[in-house]
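# Residue-level structure breakdown
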Amino acid sequence: MPLEDYKRYGRQMILEDFGLPAQLKLRSARVLVVGAGGLGCPALQYLAAAGVGTIGIVDPDDVDVSNLHRQVLHTSARQGWPKALSAKAALEAINPTLYIIPHITSLNSTNALPIISSYDIVLDCTDNPATRYLISDACIALDKSLVSGAAIRYDGQLSVYNLPLQSGGRGPCYRCLWPTPPKQEEIGTCEEVGVLGPVTGVIGVLQAQTAIQLVAELGPYASSETATPTLLIFSALGSPMFRSLKVRPRRKDCPACGREGGARELVERGEYVAFCGGVREDLEA
Amino acid sequence: MPLEDYKRYGRQMILEDFGLPAQLKLRSARVLVVGAGGLGCPALQYLAAAGVGTIGIVDPDDVDVSNLHRQVLHTSARQGWPKALSAKAALEAINPTLYIIPHITSLNSTNALPIISSYDIVLDCTDNPATRYLISDACIALDKSLVSGAAIRYDGQLSVYNLPLQSGGRGPCYRCLWPTPPKQEEIGTCEEVGVLGPVTGVIGVLQAQTAIQLVAELGPYASSETATPTLLIFSALGSPMFRSLKVRPRRKDCPACGREGGARELVERGEYVAFCGGVREDLEA
Amino acid sequence: MGDERTIKIKLTFGGGVEVLFSNKRNQTIALPAQTPASGTQPSRPADLRYLILWMSKNLLTDRKELFLDGETVRPGILVLVNDTDWELEGELDYELQKGDEVVFISTLHGG
Amino acid sequence: MGDERTIKIKLTFGGGVEVLFSNKRNQTIALPAQTPASGTQPSRPADLRYLILWMSKNLLTDRKELFLDGETVRPGILVLVNDTDWELEGELDYELQKGDEVVFISTLHGG
Ligand SMILES: [Zn+2]
Ligand SMILES: [Zn+2]
């Protein structure tokens, strides 16, 4: 590793259990971030700063002024740029040595498998229910860990789906926990309901941290430890703000992870309901 | 408020309990961030994005390559710049309508009261024990709420000191909770012990969120609610990662908040021990 | 603080489920400790099956179909007892204990 | 799981205090439920005063002065019982209950 990198990453390399091995794992890691919005921006920042060598960014949208209250990689001057390119510019300013791959497209049943297959870990930073099921199915089909974040209003959620377990198996997928999407009338995912910027910030940063820990095998993700599938829930209005919930193992009858080949069939069939009255939502968070 | 601002802040203004009143409170708020490092960078980002009208940045140091793994406002190209100016440049790119005031100095017993007195709320984003006691004393002397963050290794802490209570009183100060600093041998605050970037990120974002909630009187800080003094502790290696601890009220015998004028005397006396063998630490986090 | 015939249970709602329950995120209820006997069904200690029935009668403000699916909750809602997925605790048959906290959450999609 | 003469207590350390306790963040101990009688002092139910004494004898690996100050902990260390500051719970006189969790943390300065 070049001397410059020892200087740049020194303050994390001297951490217990980190060192050169973890830094090299980060450098050779390939992490895909789907969505360069409220969750994707902070996640991308910390992945790039920490030295993740190859970072893919999937986003079909352009930077709009209404994004700027929370999407901290984008700037007033880059309004109208594709978000994937705006984010790439910001990350290269932080850390010019990385390989940043913009994918200016939404993820769909045709491109999901080819795009995801060239990465090691996926971060779901979208705000589109259909895309969330698609990403989860594709990660099951390709055996990738999925660090999933969500944020709306004052609330956030974080979970790792398809988590590698010490037993050799994998934790539940998105469908195991959420076999059917919430109904539209129930939670207003589809209208414009608003979101507090720091809520996306906290969850996005935690997604980056989780990905770094998975790559570097740190803490609960060390091979000697027993990471258990959990769902972290957060509310800026709550007291306490954070709760960690222990969730179920895989469902035996899960259409995606319950049988060999199920997930790939789901992706290829491509019947991801347009949950919100047929109108595709913005992909960006 | 200009139409452009309705577009920029719309996604937070439509939040329940937010609206135009909260946005106007943010615009007229003056928030001071002491330290433009690991905690200060994410905190500043989200304060600026949310539209806090006047933001002060105190930092005496220049951007160094060793900062860049976690101090996400600074860039490779701005190495050597004063951090306060680098941060100002980054914030103006996000939100050009704000008034950003750089203070290229460390906080000391001479300038602490004059600088802090022109702000409404203070964020402690330093990593210097002496400065932490100074900032707390100055906030008591000037009756300001202090949103205090700390992060080292894989661990973080967050608390609001001098929190306004529904009773009309104020919560404990930093000295009430931590009357004497930990000994040097105990926790290695002084050597280079390393810190994981996202840990500073999570705590810094939560500091911004707390300041926004204090300014906009949201959630536990609404006038109808009873915010209680708590200490949030975080460990990236922990399970659960977050715990919320209920802390004591003010100590009656606290030298800073226990008697009228005590805090101001402490600031003016200026005997803030150089805890680490006489060598002043970097202010930046 | 409640008599012996009821047990105090903390209910927490999140992810939007709270809108079905007067928009309150936290409630503490006094649940009958035993289910009422009915016809051939003898009384039994209160379990999650009974809690869900009781909630739908006493707390649910409207739109039952957004919460209920037969005698259980809609598959889009995750139920946790004392921070653990109810599937690990016996689901509907879990017998409630005094002071238990039951969380009902729905997934968030935004970001 | 332990006899009647001991109670299980969970200990958690943070902010650097863990380095004084074998660098373990979490331990579960079986604490004698009653303090030993000594001279004129009759036995009493185990309280935090006794826990601190017991920890210093049985768990503290070295450098007692970084943990202890007389019969209590150094003022730089915050003690919490079941997530609440011990000052709100009677401090040294708090009588421990089975399953209590006691947290010892020190302030962090970094950032
Ligand atoms: Zn599954
Ligand atoms: Zn005080």
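Note that the structure is a prediction, hence the values are computed from the model and not measured.

## Here's the deal with the UniProt feature "modified residue: 1-thioglycine" (unreviewed entry) in chain C
All names here are of chain C. Within this structure's numbering, the places UniProt gives as "modified residue: 1-thioglycine" (unreviewed entry) are Gly111. Following the sequence through the fold, Gly111 ends up in the segment after strand 7 (101-106). For Gly111, a relative accessible area of 5% puts it in the buried group.

## Some thoughts on the interface of chain B and chain D
At the interface, 40 residues of chain B touch 32 residues of chain D. Regarding the contact of chain B and chain D, the summed buried area is about 3,000 Å², with carbon and sulfur atoms giving 54% of it. The tally of links from chain B across to chain D stands at five salt bridges. Between Arg248(B) and Glu87(D) there is a salt bridge, and its shortest N-O distance comes to 3.3 Å. The interface formed by chain B and chain D includes 15 residue pairs in polar contact (both at pLDDT 80 or more). Only helix 6 (129-142), strand 5 (145-152), strand 6 (155-161), helix 7 (174-177), helix 8 (184-187), strand 7 (230-235) and strand 8 (242-246) of chain B provide two or more residues apiece to the side of chain B that touches chain D. Considering each element in turn, the side of chain B that touches chain D owes the most residues, four residues, to strand 8 of chain B. In terms of residue class, the side of chain B that touches chain D is made up of 18 nonpolar, ten polar and twelve charged.

## Examining the side chain of Thr126(A)
One can find Thr126(A) in the loop between strand 4 (121-124) and helix 6 (129-142). Within the local environment of Thr126(A), its side chain forms a polar contact with the side chain of Asp124(A), the two groups lying 2.7 Å apart.

## Some thoughts on the relation of the copies chain B and chain A
Both copies of the chain are related through a single rotation about an axis accompanied by a shift along the same axis. Screw-axis analysis of chain B against chain A gives a translation of 0.0 Å along the axis, an RMSD of 0.0 Å, and a rotation angle of 180°. The symmetry that links the two subunits is that of a two-fold axis. Every residue of chain B has its C-alpha some distance from the rotation axis, and the shortest such distance is that of Val202(B), at 2.7 Å. A shared binding surface is used by both copies, with 100% of the interface residues of chain B retained as interface residues in chain A.

## What about the coordination of the zinc ion (ligand 2)?
For the zinc ion (ligand 2), the full set of protein donor atoms is Cys173(B) (SG), Cys176(B) (SG), Cys254(B) (SG) and Cys257(B) (SG), at a range of 2.3 Å. Considering all four donor atoms around the zinc ion (ligand 2), the spread of angles at the metal, 91 to 123°, places the coordination shape in the tetrahedral class.

## Considerations on the pattern of salt bridges
For the structure shown, the criterion picks out 32 salt bridges over all chains. When the shortest N-O distance is used, the salt bridge between Arg132(A) and Asp124(A) registers 3.6 Å. The exposure class assigned to Arg132(A) is buried, which follows from its relative accessible area of 1%. Owing to a relative accessible area of 1%, Asp124(A) belongs among the buried residues under this scheme. A salt bridge links Asp155(A) to Arg25(C), with the nearest nitrogen and oxygen atoms 3.1 Å apart. Taken together, the positions of Asp155(A) in strand 6 (residues 155-161) and Arg25(C) in the loop between strand 1 (6-14) and strand 2 (26-32) put the pair across two chains. The network of salt bridges with shared partners includes Arg44(C), Asp47(C), Arg49(C), Glu71(C) and Asp93(C).

## Overview of the interface of chain B and chain A
With 59 residues of chain B in contact, the opposing surface of chain A contributes 59 residues. Of the roughly 5,100 Å² buried at the junction of chain B and chain A (both faces included), carbon and sulfur atoms supply 63%. Considering only the surface of chain B that becomes buried against chain A, Arg11(B), Tyr46(B) and His69(B) emerge as the three largest contributors, covering 15% of it. Applying the counting criterion to the chain B and chain A interface returns zero salt bridges. In this assembly, chain B and chain A are joined by 14 residue pairs in polar contact (both at pLDDT 80 or more). Where the side of chain B that touches chain A is concerned, the elements lending two or more residues are helix 1 (3-13), helix 3 (40-50), helix 4 (83-94), helix 9 (197-216), strand 7 and strand 8 of chain B. The element contributing the most residues to the side of chain B that touches chain A is helix 9 of chain B, with ten residues. By residue class, the composition of the side of chain B that touches chain A is 34 nonpolar, 16 polar and nine charged.

Reading guide: rules and limits
Residues numbered from 1 in each chain as written. Chains lettered and ligands numbered in written order. Predicted model: local features only at pLDDT ≥ 70, side-chain atom pairs only at ≥ 80, totals over all residues. Heavy atoms only, no water. UniProt positions renumbered as here; feature names shortened; annotations may be inferred. Helix = DSSP H or I, 4+ residues; strand = E, 2+ residues; numbered from the N terminus. Buried < 20%, exposed > 50% of the residue type's maximum accessible area, 1.4 Å probe, protein only. Contact = heavy atoms within 4.5 Å. Buried area = accessible area lost by both parts, 1.4 Å probe. Salt bridge = Lys/Arg side-chain N within 4 Å of Asp/Glu carboxyl O. Polar contact = N/O pair within 3.5 Å; in protein donor to acceptor, adjacent residues only side chain to side chain. Nonpolar A, V, L, I, M, F, W, Y, C, P; charged D, E, K, R; others polar. Least-squares fit on C-alpha atoms with pLDDT ≥ 70 in both. Donors = N, O, S within 2.8 Å, 3.2 Å for Na, K, Ca; no water. Tetrahedral: all angles 85-135°; square planar, octahedral: opposite > 155°, others 65-115°.

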